[in-house]
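Spelled out, the chains give:
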Amino acid sequence: MNEYSGSEILLKSLIEEGVETIFGYPGGSIMPVYDALYDYQDKFHHVLVRHEQGAVHAAQGFARASGKTGVVIVTSGPGATNAITGIADAMIDSTPIVVITGQVASAALGSDAFQETDLIGITLPITKWSYQIRRAEDVAWAVARAFYIASNGRPGPVVLDFAKNAQVGKTEFNYKKCNFIRSYNPYPNIDNSLISQAVNMINSAKKPLLIFGQGITLSGAEKELKEFLDKTDIPAASTLMGLSALPSDYKNFKGMLGMHGSIASNIKTNECDLLIAVGLRFSDRITGTVSTYAKQAKVIHIDIDAAEIGKIIPVSLGILGDAKTVLSRLTNSVKESKHTEWLQTFEEPERVEYEKVISPEIFPEKGPINMGEVVRFVADASQGEAIVVNDVGQNQMLSARYSKFAKPRSLITSGGLGTMGFGLPAAVGAKIAQPTRQVCLFVGDGGLQMTMQELGTIMQEKIGVKIIVLNNTWLGNVRQWQELFFNERYSQTRLQNPDFQQVAEAYGFGHQRVIERKDLGEAIEKMLADPDQPYLLEVCVVEAGMVMPMIPPGKGITDIMLNEHEWYSKS
């Protein structure tokens, strides 16, 4: 048999795994791989990013938009450490990526060689698996194992630290896809007795509420979720990461939960008699003060990760299993129900939220443009068909609240880690994964400048990302907290920004700045006219805007601010 270098075996192994897109940045300790890539250019679309953090976020966006495993190749030392933020982000948000990093030769390990870091030590806490490849003979085995671990069960990041001697050493190529690891059971058997108990609890509930997270999307359980809700007539609410798993206009969908979620979904969490939680981890942004969360309710928690069940919220019944399978079995067994009176109780808090929060935000009568109304214009113009990518901060919460979603996998955001700078490279990956869909990025003036160098990637790759910069000249979310909770002591949150129009011009993008409300609709239509061309739309929004409603830190989920001066009251 022919012998190949470890670098060639890596590329051949990626082909065996169906990989066509790689995000990366070359450097000294990964040069043998990039040299081998020269002969495989017809097999891969390599996206040359401008920073290794951008490579990982782009792979995340690709994975989240496509359902495939994202692939990253970077060098050792600073190249590898630059990737750490993205790896941590992927871990907490359960995003399947395989990050391949260069490393110094095995003989030099531990000698503080040029651009050596202990990447395994650094990444063990923030990956599903980290492995150092020290021999060419181990490359194919490691790649197969990496893809199996990253994409099965609860997905997440895997790191392969590729020593330089293993890259250049030669051996035979014999690839076997990994379908089993003795110590890893990604799809545990579902206990039918627990299904029966859950069915009895659901059938007897008078005021049930289902809350769901990204586990629905990761499981591909959107159809099963809708079928379950159709049969049971149970109201449903989503975490930030779960948005778009149900269409926004679904009759029983009650919006987003949590700190900036809908009033009704939060209030009713503390009024329901049965809380069914599917594919979520009960983040502090969802629960508020845990001691007052859903104390009146029986709790059923369905999750594929045993570590999440009962970790934050005590459960009456925990079902370990894949959401798609569990929901299907429940739907087959529960009785058809109607919860008309219970659903009607959502109407009053929904009315208050519309009058006090939504209408002033998206239909203002005067004053500067609001972030929320920009999101509304884009949602209307795209008819809910766009993939919405957002950065972190006020732009994130408002674009999540006011976007409309007609299809699954239509919101890509940094949830658990809250990574400013995530949005721009993630939008790159999303557009590459779904080139026929509009990809609209909502980003603040602060977040854009965290990874603004990736505009160069968009330019070189000719990627039709639509960038909506919501420019308030502040680090808006921090400014909001400073106003509300730090006595208006605005410490280091005011930004002096570049001329974003000149920046767009430098990269050859179409661009426009909007200051007046009367110009907004036409500008958005112009931006969306050609989905294949990149465009930067800068909207100068109100400087002191607030994201409301808001559950302040340290409060329970029924302690809801409507604005700076008014709290929600059921009376």
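Since we're looking at a predicted model, the values are computed, not measured.

J.: Lay out the overall build of the protein in plain terms, naming residues and giving numbers.
T.: Regarding its fold elements, the protein presents 24 helices and 20 strands. Seen along its three principal axes, the alpha-carbon backbone of the protein occupies a region of about 75 × 60 × 40 Å. For the protein, with 571 residues in total, the buried portion stands at 59%. Counting every atom, the protein has about 22,700 Å² of accessible surface; 49% of that belongs to carbon and sulfur. One finds the centroid of the 53 positive side-chain charges in the protein at a distance of 5 Å from the centroid of its 63 negative side-chain charges.

J.: With reference to specific residues and values, describe the environment of Tyr568.
T.: By secondary structure assignment, the location of Tyr568 is in the segment after strand E20 (535-540). Note on Tyr568: relative accessible area 11%, which makes it buried. Between the C-alpha atom of Tyr568 and that of Gly261, which follows or precedes it by 307 residues, the distance is 13 Å. If we skip the residues at most four places from it in the chain, Tyr568 touches Ile263, Ile267, Pro349, Val352, Ile560 and Leu562.

J.: So what's going on with the sheet that holds strand E17 (residues 439-444)? Residues and values would help.
T.: The parallel open sheet is built from six strands, whose spatial order is E16-E15-E17-E18-E20-E19. Either end of the sheet is taken by a strand with one partner, and the two such strands are strand E16 (411-412) and strand E19 (510-514). Alignment of strand E15 (residues 387-390) against E17, held across four bridges, turns out to be parallel. Bridge pairing in E17 places Ile387 opposite Val439. Packed on one face of the sheet, helix H24 (residues 520-528) meets E17, strand E18 (465-471), E19 and E20 and runs near 165 degrees to E20.

J.: If you had to explain the packing of helix H17 (residues 371-382) against helix H18 (residues 394-402) to someone new, which residues and values would you point to?
T.: Running from N to C, H17 and H18 cross one another at 45 degrees; their axes reach a closest spacing of 9 Å. One element, H17, and the other, H18, form an angle in the oblique class. In this structure, H17 meets H18 at a crossing whose hand is right-handed. Contact with H17, carried on its side by Met371, Gly372, Val375 and Ala379, involves Gln394, Asn395, Leu398, Ser399 and Tyr402 of H18 and no other residues of that element. Considering only residue class, the contact of H17 with H18 consists of five nonpolar, four polar and no charged.

J.: Could you give an account of the pattern of salt bridges, with specific residues and numbers?
T.: In total, this model carries 24 salt bridges according to the counting rule given. Here Glu224 and Lys324 are joined by a salt bridge, their closest N and O atoms 3.2 Å apart. Taken together, the residues span a long stretch of sequence, with Glu224 in helix H11 (residues 222-232) and Lys324 in helix H14 (residues 323-333) at a distance of 100 residues.

J.: Before we move on, can you summarise unusual backbone geometry with the specific residues and values?
T.: Going from Met548 to Pro549, the amide bond is cis rather than trans, its omega being 0 degrees. By the element assignment, Pro549 lies in the segment after E20. For Gln115, which is not a glycine, the phi torsion comes out positive at approximately 60 degrees. Unusually for a residue other than glycine, Thr473 sits at a positive phi of about 60 degrees.

J.: Tell me what's going on with the nonpolar core, and back it up with residues and numbers.
T.: In terms of nonpolar packing, the biggest core is built from 98 residues, with Leu210, Ile211, Phe228, Leu275 and Ile319 touching the most fellow members. If we ignore the near neighbours within four places in the chain, the residues touching Ile319 are Ile190, Leu194, Ile195, Ala198, Ile300, His301, Ile302, Asp303, Ile309 and Val326.

J.: Describe the confidence of the model for the protein, naming the residues involved and giving the relevant values.
T.: In this model, the protein carries an average pLDDT of 97, and 100% of its residues clear a pLDDT of 70 or more. Helix H13 (residues 284-287) is the least confidently modelled element of the protein, averaging 96 in pLDDT, while strand E4 (residues 70-74) averages 99, the highest of any element.

J.: So what about the pairing of strand E12 (residues 274-278)? Which residues, and what values?
T.: Among the five residues that make up E12, five are buried, leaving the element largely enclosed by the rest of the structure. Here five bridges tie strand E9 (residues 208-212) to E12, and the two strands are oriented parallel to one another. Residue pairing in the sheet places Leu210 in a bridge with Ile276 of E12.

J.: Please provide a residue-by-residue account of the pairing of E18, values included.
T.: Residues in a regular strand point their side chains to alternate faces of the sheet. Of all seven residues making up E18, seven are buried, and the element is well covered by its neighbours. What you see with E18 is no split at all: Val465, Ile467, Val469 and Asn471 on one side and Lys466, Ile468 and Leu470 on the other are buried throughout. As judged from the six bridges shared by E17 and E18, these two strands associate in the parallel manner. Considered in E18, the bridge of Val443 is made with Val469. Inspection of the sheet shows E18 paired to E20 by six bridges, in the parallel sense.

Definitions and cut-offs
Residues numbered from 1 in each chain as written. Predicted model: local features only at pLDDT ≥ 70, side-chain atom pairs only at ≥ 80, totals over all residues. Heavy atoms only, no water. Helix = DSSP H or I, 4+ residues; strand = E, 2+ residues; numbered from the N terminus. Buried < 20%, exposed > 50% of the residue type's maximum accessible area, 1.4 Å probe, protein only. Areas by Shrake-Rupley, 256 points an atom, 1.4 Å probe, with all protein chains shown as cover. Lys, Arg positive; Asp, Glu negative; His and termini not counted. Charge placed at Lys NZ, Arg CZ, Asp CG, Glu CD. Contact = heavy atoms within 4.5 Å. Pairing = 2+ DSSP bridges. Axes fitted to C-alpha atoms, helices over the stretch in contact; angles between N-to-C directions. Parallel < 35°, antiparallel > 145°, perpendicular 65-115°, else oblique. Left-handed = near helix turned anticlockwise from the far one by under 90°. Nonpolar A, V, L, I, M, F, W, Y, C, P; charged D, E, K, R; others polar. Salt bridge = Lys/Arg side-chain N within 4 Å of Asp/Glu carboxyl O. Core = buried A, V, L, I, M, F, W, Y, C linked by side-chain atoms within 4.5 Å. pLDDT = per-residue confidence, 0-100.

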